[in-house]
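Coordinates in review
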Amino acid sequence: MTEIFSDTGIRQLSQMLLSLIFFHTSEYILAIAIHGASNVTLSSLLISKHYALAMLVSLLEYLTEIILFPGLKQHWWVSNFGLIMIIVGEIIRKAAIITAGRSFTHLIKINHEEHHALVTHGVYRLMRHPSYCGFLIWSVGTQVMLCNPVSTVVFTVVVWRFFAQRIPYEEYFLNQFFGVQYLEYAESVASGVPFVN
C-alpha cells in the first residue's frame, strides 16, 4: 500500500488528476467563451457514464499494478512520453476549438445554422478533425503516463473505434451543408485519426 504514496505514485496520480481537471474545465470554459453561458450545458464537460467508468477502471489498473508490480510504474521515459502526449493532445484539441470558433460544438450538428462555416485554415489545414485527433492522443497519453499497459491498449482501441464511427456520420452532414466544397477539402486533407478516411 505504501507504493501508492511513493514519489512515483504521488507524481503520476497528481499529473492524472491535474490533466483531467484541466481538460474538462477548459472544454467548459471555452464553450462558454465561444457560445455564451446561456447556450452551454454541463454536457460540455464531456463526462459521460462510459467515460467515467473507463477512467475508474484505469485507476483500478494503476492501483493494482503499483501495489503488485511497483517496478512497472518506474519507467520514467514511458511516463514522461505519456505526459508529452497529454500536452500535445491538449494543444491540438484546443487549437481546433479556438480556430473553429462558433462552428465548433460538442454535439454533431444535423441542421445547418447561419453561423456554421466550413473551417479549412489553421490546424484544419493539416487535418479535418483535429479535435478528435487531439482527444485520441490526450486520452491514450493519460494511460501511457500512468504506465497502464492494459488501459493503454483498451483506450486506443475504444477511442479509435468511437471516432471511426463518428467521423463518417459527421461528414455525412458536412457534405449536406457544404457540398462540393467539403468533398474537395476531404479529398485533399486527411481526417487526423489514423486509418480513418
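Everything quoted here is computed from the prediction, not taken from an experiment. Position numbers for residues count from 1 along each chain, tracking the sequence in the order it is written. For this predicted model, a pLDDT threshold of at least 70 governs which residues receive local features, and a threshold of 80 or more governs which side-chain atom pairs are given and counted, while totals over whole chains, interfaces and linings are taken from all residues. As a rule here, side-chain values come from all non-hydrogen atoms in the structure, and water together with hydrogens is ignored.

1. Things to note about the overall build of the protein chain
Note the following rule: Going along the chain from the N terminus, every DSSP run of H or I of four or more residues is numbered as a helix, and every run of E of two or more is numbered as a strand. Here the globule rule is a power law, 2.2 Å times the number of residues to the power 0.38, and the radius of gyration is based on C-alpha atoms. Three labels apply to residues, based on accessible area from a 1.4 Å probe with only protein chains included: buried if under 20% of the type maximum, exposed if over 50%, partly exposed otherwise in between. Whether two residues touch is decided by their heavy atoms; if any such pair falls within 4.5 Å, the residues are in contact. A 1.4 Å probe and the Shrake-Rupley method give the accessible areas. Residues count as covered only by the protein chains that appear here. Two residue types count as positive, namely Lys and Arg, and two as negative, namely Asp and Glu; His and chain ends fall outside the count. Working definition for charges: the position is that of NZ of Lys, CZ of Arg, CG of Asp or CD of Glu.
Assigned secondary structure in the protein chain consists of 5 helices and 0 strands. The linear arrangement of helices and strands in the protein chain, starting from the amino end, is α-α-α-α-α. For 197 residues, the compact-globule formula gives about 16 Å, and the C-alpha radius of gyration of the protein chain, at 18 Å, lands near that figure. Projected onto the principal axes, the alpha-carbon positions of the protein chain cover approximately 60 × 35 × 25 Å. The buried share of the protein chain, reckoned over its 197 residues, is 44%. Looking at the protein chain alone, contacts between residues at least 24 apart form 79% of all its contacts between residues at least 6 apart. When the accessible surface of the protein chain is totalled, it reaches about 10,900 Å², and 70% of it is carbon and sulfur. Within the protein chain, one finds 11 positive and 12 negative side-chain charges whose respective centroids are separated by 3 Å.

2. Considerations on the side chain of Q143
You can see Q143 is positioned in helix α4 (residues 130-145). Look at Q143 and you get buried, because its relative accessible area is 0%. With near-sequence residues (within four places) excluded, Q143 lies in contact with M16, M55, S58, N148, S151, T152 and F155.

3. Concerning the UniProt feature "transmembrane region" (unreviewed entry) in the protein chain
Here is the rule we go by: UniProt positions are given in the numbering used here, feature names are shortened, and annotations may be inferred rather than shown by experiment.
Here, UniProt's "transmembrane region" (unreviewed entry) annotation points to residues 16-38, 50-69, 75-92 and 135-163. The annotated region residues 50-69 carries 95% helix and 0% strand content, and the separation between its end C-alpha atoms amounts to 27 Å.

4. Quick notes on helix α5 (residues 149-188)
For clarity, the threshold we go by: A helix is expected to reach a length of 1.5 Å times the quantity of its residues less one. At any given residue, the bend is defined as the angle formed between two axes, one fitted to the seven residues that end at that position and one fitted to the seven that begin there.
The end-to-end C-alpha distance of α5 is 35 Å, clearly below the 58 Å that 40 residues give at a rise of 1.5 Å each. At F178, α5 shows its largest kink, close to 125°.

5. Some details on the nonpolar core
The test is simple: By nonpolar core is meant a set of buried Ala, Val, Leu, Ile, Met, Phe, Trp, Tyr and Cys residues that side-chain atoms within 4.5 Å join together.
Counting residues in each nonpolar core, the largest one holds 44 residues, and the members touching the most others are Y124, F135, W138, F163, Y182 and V193. Put simply, the parts of the chain that give this core at least two residues each are α1 (7-35), α2 (49-68), α3 (76-100), α4 and α5. Looking at this core element by element, the count peaks at 11 residues for α5. Those residues in contact with Y124, other than ones at most four positions away along the chain, are A96, T99, A100, F104, V119, P130, Y185 and V189.

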